[in-house]
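Chain by chain, the residues:
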Amino acid sequence: MALEALRQIAAENRAASSESRHNASRDISVGDTVRVRYLTGDQSLLQVTIIRGETDLKKGVVNFDAPLAKALLEAEEGEEIEVLIGSYVRTATIEKIFKRAA
């Protein structure tokens, strides 16, 4: 009986671990490209790749430590985020995540 209970607990742990890895794969991380639409102002569309290097919005790259990247990291597609831009907070929605190739 105790052995069966241990097997059940092990199976539940494996399922939880698998679900956690699946959810993490949908989260935004460094190296991913993200399409974001601001919901305020001009409702502009922006597509950026989060990198460890220097931010260059003309090239579509943003440093992982920049306010936009901080708001995006670990968020999911369809989620609304708030981005601090200067002294303003803008609301945006994550339209699409393009995961980096493994």
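Anyway, here's the lowdown on the structure attached to this text. Each chain has its residues counted from 1, running along the sequence as written. Selection of residues for local features in this predicted model requires a pLDDT of at least 70, selection of side-chain atom pairs for listing and counting requires 80 or more, and totals for whole chains, interfaces and linings are taken over all residues. Values shown for side chains rest on all heavy atoms present in the structure; no hydrogens or waters enter the calculation.

1. Points about the pattern of salt bridges
Here is the rule we go by: Basic side-chain nitrogens of Lys or Arg form a salt bridge, by our definition, when they fall within 4 Å of a carboxyl oxygen of Asp or Glu. Put simply, DSSP H or I for four residues or longer makes a helix, DSSP E for two residues or longer makes a strand, and each gets a number counted from the N terminus.
Counted according to the given criterion, the structure contains 4 salt bridges. Among the salt bridges present, the one from Lys99 reaches Asp32, with a minimum N-O distance of 2.7 Å. A residue pair is termed long-range when its members are at least 10 positions apart, and Lys99 in the segment after strand 5 (88-98) and Asp32 in the loop between helix 1 (2-26) and strand 1 (33-38) qualify at 67 residues. Between Glu95 and Arg37 there is a salt bridge, with the nearest N and O atoms lying 2.9 Å from each other. Of this pair, Glu95 sits in strand 5 while Arg37 sits in strand 1; the two residues are 58 residues apart in sequence, bridging distant segments of the chain.

2. A look at the sheet that holds strand 5
Worth spelling out the cut-off: Strand pairing is assigned whenever DSSP detects at least two bridges linking the two strands. In this analysis, axes come from line fits to C-alpha atoms, helices being fitted only over the stretch in contact, and the angle between any two N-to-C directions falls in the range 0 to 180 degrees.
As summarised here, the arrangement of the 5 strands in space is 3-2-1-5-4, forming an open sheet in which the pairing is mixed. Unpaired on one side and paired on the other, strand 3 (61-63) and strand 4 (80-85) mark the two borders of the sheet. Neighbour-to-neighbour, the strand axes of the sheet open up by a mean angle of 45 degrees, direction not taken into account. Pairing between strand 1 and strand 5: 6 bridges, direction antiparallel. Residue pairing across strands places Val34 opposite Ile97, the latter belonging to strand 5.

3. Details of unusual backbone geometry
Where we set the bar: Working definition: with a 1.4 Å probe on protein chains only, accessible area under 20% of the residue-type maximum means buried, over 50% means exposed, and in between means partly exposed.
Even without being a glycine, Gln43 presents a positive backbone phi close to 55 degrees. Mapped onto the elements of the fold, Gln43 is located in the loop between strand 1 and strand 2 (45-51). Classification of Gln43 by relative accessible area gives partly exposed; the value is 43%. A positive phi angle, near 70 degrees, is found at Glu74, a position not held by glycine. Its place among the elements puts Glu74 in the loop between helix 2 (67-72) and strand 4.

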